[in-house]
Structures are given as structure tokens and as C-alpha cells.
Amino acid sequence: MDGIEIDENLVRSLVRERHPDLAGLDIRRVAGGWDNQLWRLGSELAVRMPRTERAPALLRKEFRWLPALAPRLPLPVPIPLRIGEPSALFPRPWTIATWVPGEPADHAPISHDRAADTMAAFLGALHTEAPADAPISPDRGVPLRTLTDGFGKLVGEVASGGAADDLRHVRDIWDEALAAPAWEGPPVWLHADLHPANVVVSDGTLSGVIDFGDMCAGDPAVDLAAAWVLLPAGAAPRFFDAYARADEAMIRRARGLAALKSLFLILMGQAGERGLPGGKPTWGPAGRAALDRVLASARPDHKAH
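Residues numbered from 1 in each chain as written. Predicted model: local features only at pLDDT ≥ 70, side-chain atom pairs only at ≥ 80, totals over all residues. Heavy atoms only, no water.

Re helix α9 (residues 248-273)
For step 1, the next point in the chain: The terminal C-alpha atoms of α9 lie 37 Å apart, and with 26 residues this matches the ideal 38 Å at 1.5 Å per residue to within 8%.
For step 2, the next point in the chain: Counting buried residues in α9 gives 22 out of 26 residues, a clear majority hidden from the surface.
For step 3, the next point in the chain: Looking one or two residues past α9, glycine 275 carries a phi angle of roughly 75 degrees, positive in sign. (Helix = DSSP H or I, 4+ residues; strand = E, 2+ residues; numbered from the N terminus. Expected span 1.5 Å × (residues − 1). Buried < 20%, exposed > 50% of the residue type's maximum accessible area, 1.4 Å probe, protein only.)

Comments concerning the sheet that holds strand β8 (residues 199-202)
For step 1, the next point in the chain: Spatial ordering of the open sheet is given by β6-β8-β9, a layout of three strands whose pairing is antiparallel. Whereas interior strands pair on both sides, the edge strands pair on one side only; in this sheet they are β6 (103-104) and β9 (205-209).
For step 2, the next point in the chain: Direction of pairing for β6 relative to β8: antiparallel, over a ladder of two bridges. Paired with proline 104 across the two strands is valine 200, which belongs to β8. (Pairing = 2+ DSSP bridges.)

Describing the pattern of salt bridges
For step 1, the next point in the chain: Taken as a whole and judged by the stated rule, the model has 19 salt bridges.
For step 2, the next point in the chain: When the shortest N-O distance is used, the salt bridge between arginine 82 and aspartate 21 registers 2.7 Å. Placement of arginine 82 in strand β4 (residues 80-84) and of aspartate 21 in the loop between α1 (8-18) and β1 (27-30) is noted, with a sequence separation of 61 residues between them.
For step 3, the next point in the chain: Residue arginine 82 is classed as partly exposed on the basis of its relative accessible area of 26%.
For step 4, the next point in the chain: Among the residues examined, aspartate 21 registers a relative accessible area of 53% and is labelled exposed.
For step 5, the next point in the chain: Residues arginine 238 and aspartate 117 are paired through a salt bridge, measuring 2.5 Å at the closest nitrogen-oxygen approach. Remark: aspartate 117 occurs in helix α3 (residues 115-126) and arginine 238 occurs in helix α8 (residues 236-243); sequence separation between them is 121 residues.
For step 6, the next point in the chain: The structure contains a network of salt bridges with shared partners spanning Asp35, Arg54, Asp139, Arg140, Asp193, Asp214 and Lys261. (Salt bridge = Lys/Arg side-chain N within 4 Å of Asp/Glu carboxyl O.)

Considering the packing of helix α4 (residues 148-160) against α9
For step 1, the next point in the chain: It is at 10 Å that the axes of α4 and α9 come closest, and there the two elements cross at 40 degrees. By the angle between their axes, α4 is oblique relative to α9. Along this stretch, α4 crosses α9, giving a crossing that reads as left-handed. Contact with α4, carried on its side by Phe151, Leu154, Val155, Glu157 and Val158, involves Leu260, Leu263, Phe264, Ile266, Leu267 and Gln270 of α9 and no other residues of that element.
For step 2, the next point in the chain: When the residues that make up the contact of α4 with α9 are grouped by side-chain class, the tally is nine nonpolar, one polar and one charged. (Axes fitted to C-alpha atoms, helices over the stretch in contact; angles between N-to-C directions. Parallel < 35°, antiparallel > 145°, perpendicular 65-115°, else oblique. Left-handed = near helix turned anticlockwise from the far one by under 90°. Contact = heavy atoms within 4.5 Å. Nonpolar A, V, L, I, M, F, W, Y, C, P; charged D, E, K, R; others polar.)

Topic: the side chain of glutamate 62
For step 1, the next point in the chain: Here glutamate 62 is to be found in helix α2 (residues 55-69).
For step 2, the next point in the chain: The buried category is assigned to glutamate 62, whose relative accessible area is 3%.
For step 3, the next point in the chain: Setting aside chain neighbours within four positions, we find glutamate 62 in contact with Arg48, Pro67, Pro80, Asp211, Phe212, Gly213 and Met215.

The following block contains the structure:
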């Protein structure tokens with residue numbers, strides 16, 4: 001963004017300028033991140049530096065809404081504590097948030113079924129009716145019919161990248177999701193971007209949820225896709241039993257959205273394998289594993305969810 005190089009000296013200077021009481025803490029770069037570059041600040045904090053055009057708005061959204069939501073959530077989340085306003089040193093806002101320990105799930109996949117209960121409890125606490133002025137998204141928590149063109153494009157791009165197997169069955173899952181009745185309840189709070197790089201794992205189970213930049217209000221099915229995108233094979237029934245609010249239509253929509261997210265992860269993995277900008281090599285295996293779980297759940301010999 002704007003060709004600005006974000007390095008340790010810049011981050012240290014920004015902390016010293018805006019938050020001098022924290023200037024003595026160690027600073028080190030952390031791998032990962034999509035819209036924001038992440039830097040550890042001491043042992044308990046993190047600096048998030050925007051690196052895409054949309055990132056500043058996402059940071060401000062988190063800063064406004066997440067501190068009020070976080071206390072009721074049963075897992076650690078990165079609570080924004082301070083904001084650095086644009087200055088001569090850096091022309092965009094940036095934030096300091098709490099650090100959430102654990103290994104991202106694209107490096108250390110969830111392996112214990114008990115994570116289904118943990119995820120269900122987290123989403124049950126999050127999915128409360130959102131206020132009228134809560135943010136909305138054009139492509140998350142929305143009716144699936146608005147995503148059909150994007151789904152078709154993803155299928156084509158993934159197929160051209162050499163991952164054409166099972167894509168016909170993926171289309172069937174998407175069509176089944178489209179045919180499900182739409183969400184008719186009030187818009188609820190959503191994380192809206194649950195995938196392996198946005199949760200952290202300790203001892204094989206879910207231990208934290210990060211990156212709320214896409215948080216918005218809408219249909220909870222987008223978050224329930226995590227039953228297949230994040231949880232180990234066979235854990236989806238336990239998850240939906242524990243969540244206890246999803247009817248068959250919501251499960252069908254969630255499975256379609258899990259297929260969509262899996263294709264996106266595969267595509268980003270393919271880009272990473274080719275060394276393309278924005279590519280994420282670790283996302284490909286995570287996406288393929290997620291797609292396998294989605295496809296397996298739709299077979300006749302499996303329970304409906």
C-alpha cells in the first residue's frame with residue numbers, strides 16, 4: 001500500500017511517538033497476516049500494521065466493535081486496546097491489540113473432536129442479534145444467490161490450476177445450498193472469515209480466534225461452515241448438536257459456504273506454490289482437507305450433517 005516499507009524501525013518509531021509508555025517493549029515480526037502485518041510487542045501485545053487498501057477500515061471496525069463483544073466470548077480474541085492515528089511517520093491508522101497465543105491451524109490443524117464443543121460454544125456466544133448500526137458485508141452473511149457468480153469463477157480457477165477432481169460434486173453441494181430456504185431471522189454478529197489461518201490451536205484443539213476484520217451482521221451459516229473448514233473429519237455432527245440452533249436449511253447453506261471457502265483456500269495455495277503475490281502455500285493442503293470433509297459429509301452413507 002502506497003509502497004511504504006514496514007520494518008522494525010518504523011514500528012518502533014510509531015510506538016515511541018504514539019504510545020511512549022510501551023516503547024521499551026521488545027518488537028519482532030510475526031509471519032502471516034493478509035490485510036495487516038503483525039508484530040509482537042512484548043509478550044502480551046501485538047501491533048497490527050495495515051498493508052492493503054481496505055485494511056484501515058477493517059482496523060477501525062475492530063476497534064469500534066470488538067472490545068464490547070470480547071468479554072462474552074469463551075475463547076481469547078485479539079482485543080484492540082489502542083489506535084495509532086495517521087502521522088508523518090505513517091499515513092494510515094494502526095492498532096495495538098492483545099496477543100492470542102497458539103499455532104495457526106494452517107500450520108497445526110485441529111485434531112481433537114472436543115474442538116467441536118469449543119467452537120459451538122464460541123459461536124453460540126457470538127451469534128447474538130446485532131444492533132441496527134452493525135456493519136454489513138456485500139459478500140458475507142448474505143443470501144447465497146448473491147455469491148453464485150463468484151462460486152462459478154472459483155470453480156473454474158481451481159480447475160485450471162490442476163485440481164479438477166470432485167468439482168462436479170462440489171457444484172451439486174452448492175446447488176443444494178442454493179435451494180435451501182434463506183435465513184429469515186434477525187442479523188446476528190458474525191466473525192465471517194473462519195478459516196485455518198484465523199484460528200489458533202494448542203494441544204490439538206481450538207484455543208483462540210483471531211482476525212475479526214470481516215466481522216459483520218447477517219446469516220450465521222457463514223460461520224457454521226467452520227464445521228468442515230476447521231474441524232477434523234467426522235466432527236460436524238457433534239458440532240451441530242452442541243450448537244443446537246441450526247436447522248437443516250442452515251446446515252445445507254453452511255455446507256455450501258464451506259465448499260466455497262475450501263475452493264478459495266485451494267486457489268490461494270496454488271498461487272503460493274507458484275510464488276505468486278498473495279499466495280499462501282499452507283492454505284492449499286488445508287483447503288483440500290476441508291473440501292474432502294465437505295464431500296464426505298454429503299455422501300448418502302453419512303448423517304445429514
